[in-house]
Amino acid sequence: MNARIRAVFEDAGVRGWLHAVALDSPESTVSLDADAVVPMASVYKLPLLAGFCRLVDEGELDPRAQLTLEPSSRTPGPTGLSILADPVTMSLRDLAVSMMTVSDNAAADALLTVIGLERLAELLESFGLRRTSVRRGTAANLLDLQRRTGLDDPDAALAVLADNNRTTPDGVYEAANASASTPRDMTLLLSRLWAGELLSTAQTDFVKAAMHRQIFQHRLGSGFPHDAIRVAGKTGTFGALRHEVGVVTLPAGDAYAVAVFTLTARVDSRQPRADSTIGLAAQLAVNELR
């Protein structure tokens, strides 16, 4: 099976890492370089959500607390609050929903600021995620890219990263320089969340609902194009990084946690073949585990 999945990645011209596990049979796994530490891109929003929900359970955060985000200080991004023109006031839990459903960068950075990097690191350690590090949010990631490109404007720095005719700035895709994790850590997090081991019933249901409402279906979901199959996922994209982690639930109720990380040869914003390869690799893994 490893050879088949590796061939799928190679045929699409991507470097791939994968881990899949049957939730009702954790000894049943499919693994391809599953312990490699890879920059997460927006997949970091999943451990951030889990940390937020744990703090709600512990009474450290009120999910109904209101936060106002001003346009001048909001993190740039293609979706969510990032693209709005006026001040927005939302509850912390609604920020979490926007962060997960449309991968809202502004909402995620606001929550990360509320929680703090050190507190989040403590929470991830308590979850058993030994190889997962959230080192910064999207705003800080853009600042790092500006530093590496020598450009003051984030859009100009992103344009350099998106140019196939230019050399990628040193260190951009190095795990030590970014929020990073392994496919195995991500399926462990998903497995423990779905089992109700990390959060209360209410917060577990909140995580599952938010992930089921993710609007992006072109990666993991493309491998399971049937209404009877439910996919709860979180994508991640930054330059040549294209990921998704999630839980696939089949009509009979059997469920599988899957994490697929990829690094493409090109940095075009639209790469349908690379995106669908994530779904195909996940489909092969799930079929092997059934």
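Per-chain numbering applies: the sequence of each chain, read as written, is numbered from 1 onward. Only residues with pLDDT of 70 or above have their local features reported here, since the model is predicted, and side-chain atom pairs are shown and tallied only from 80 upward, although totals for entire chains, interfaces and linings are computed over all residues. Hydrogen atoms and water are omitted, and side-chain values are computed over all heavy atoms in the structure.

Visitor: Sorry if this is basic, but what is going on with the environment of Gly239 here?
Guide: One can find Gly239 in the loop between β7 (230–238) and β8 (241–249). On the accessibility criterion, Gly239 (21% relative accessible area) is partly exposed. Contacts between residues were defined by any pair of non-hydrogen atoms, one from each residue, lying within 4.5 Å. Contact partners of Gly239, with chain neighbours within four places excluded, come to Leu161, Tyr173 and Val267. In DSSP terms, a helix is any run of H or I states spanning at least four residues, a strand is any run of E spanning at least two, and both are numbered starting from the N terminus. The classification of residues rests on relative accessible area computed with a 1.4 Å probe and restricted to protein chains. Under 20% of the type maximum is buried, over 50% is exposed, and intermediate values are partly exposed.

Visitor: Help me out: how do you make sense of the sheet that holds β7 in this one?
Guide: Backbone hydrogen bonds are what pair the strands of a sheet, in a parallel or an antiparallel way. Ordered by their spatial adjacency, 5 strands build an open sheet running β2-β1-β9-β8-β7, and the pairing between neighbours is antiparallel. Each end of this open sheet is capped by a strand with a single partner; those strands are β2 (25–32) and β7. Strand-to-strand twist in this sheet, taken as the mean axis angle between neighbours without regard to direction, amounts to 10°. Pairing between strands is defined by DSSP: at least two bridges between them are needed. Pairing analysis gives 9 bridges linking strand β1 (residues 14–22) to strand β9 (residues 255–264), with the strands arranged antiparallel. Lines fitted to the C-alpha atoms define the axes, with helices restricted to the stretch that makes contact. Angles between their N-to-C directions range from 0 to 180 degrees.

Visitor: Mind showing me how you'd approach the side chain of Ser181 here?
Guide: Secondary-structure assignment places Ser181 in strand β6 (residues 180–181). A relative accessible area of 0% means that Ser181 is categorised as buried. Only 2.6 Å separates the side chain of Ser181 from the side chain of Thr132, close enough to count as a polar contact. Apart from residues no more than four positions distant in its own chain, Ser181 is found in contact with Ala36, Val37, Val38, Met40, Arg131, Thr132, Met186 and Phe261. Residues adjacent in sequence count toward polar contacts only when both atoms are side-chain atoms; beyond that, a polar contact is any pair of N or O atoms within 3.5 Å, and within protein one must be able to donate a hydrogen and the other to accept it.

Visitor: Just checking my understanding: could you explain helix α3 (residues 92–101) for this structure?
Guide: An α-helical segment advances 3.6 residues per turn. Residues three or four places apart therefore align on the same side. Most of α3 is tucked away, with 7 of its 10 residues classed as buried. Residues Leu92, Leu95, Ala96, Ser98, Met99, Met100 and Thr101 constitute the buried set of α3. Buried-residue contacts for α3 involve α2 (45–57), β4 (66–69), β5 (88–91), α4 (105–115), α9 (201–212) and β7. Ser103 sits one or two residues past α3 and shows a positive phi near 55°.

Visitor: Would you mind showing me how to read the packing of α2 against α3 here?
Guide: When two helices pack together, you describe them by how their axes are tilted relative to each other and by the distance separating the axes. It is at 10 Å that the axes of α2 and α3 come closest, and there the two elements cross at 160°. The orientation of α2 relative to α3 falls into the category roughly antiparallel. Between α2 and α3 lies a crossing of left-handed hand. Listed contacts from α3 to Lys45, Leu46, Leu48, Leu49 and Phe52 of α2 are Leu92, Arg93, Ala96, Met99 and Met100. Any angle between 65 and 115 degrees counts as roughly perpendicular, while under 35 counts as roughly parallel, over 145 as roughly antiparallel, and the rest as oblique. Each crossing gets its hand from how the near helix is turned against the far one by less than a right angle, where anticlockwise is left-handed and clockwise is right-handed.

Visitor: Please clarify how the nonpolar core should be interpreted in this entry.
Guide: General note: in soluble globular proteins, nonpolar side chains tend to be found buried as a group. Throughout, nonpolar core names a set of buried Ala, Val, Leu, Ile, Met, Phe, Trp, Tyr and Cys residues whose side chains join them through atoms within 4.5 Å. Counting 55 residues, the largest nonpolar core has Leu48, Leu49, Phe52, Leu95, Leu189 and Leu193 as its most contacted members. No other element matches α2, which puts 8 residues into this core. The contact partners of Phe52, leaving out residues within four places of it in the chain, are Leu61, Pro63, Leu92, Arg93, Ala96, Leu111, Ile115 and Phe206. Leu18, Leu32, Tyr256 and Leu284 belong to the second-largest nonpolar core, a separate cluster that totals 27 residues.

Visitor: Explanation requested: the environment of Val172 in the structure shown.
Guide: With respect to the helices, strands and loops of the structure, Val172 is situated in the loop between α7 (154–161) and β6. When its relative accessible area of 9% is taken as the criterion, Val172 is described as buried. In the structure, Val172 is positioned 112 residues away from Leu284 in sequence and 30 Å away in space, judged by C-alpha atoms. If near-sequence neighbours (up to four positions away) are discounted, Val172 is found in contact with Leu145, Arg148, Leu161 and Phe238.

Visitor: Whenever I open this one, unusual backbone geometry confuses me. Can you help?
Guide: With the exception of glycine, the majority of residues adopt a negative phi angle, and the majority of peptide bonds are in the trans configuration. Despite not being glycine, Asp33 shows a phi value in the positive range, around 50°. Mapped onto the elements, Asp33 comes out in the loop between β2 and β3 (38–39). Taking the relative accessible area as the measure of exposure, Asp33 reaches 32% and is therefore partly exposed. Residues other than glycine seldom take positive phi values, yet Ser103 does so here, at roughly 55°. Take Ser103: it is sitting in the loop between α3 and α4.

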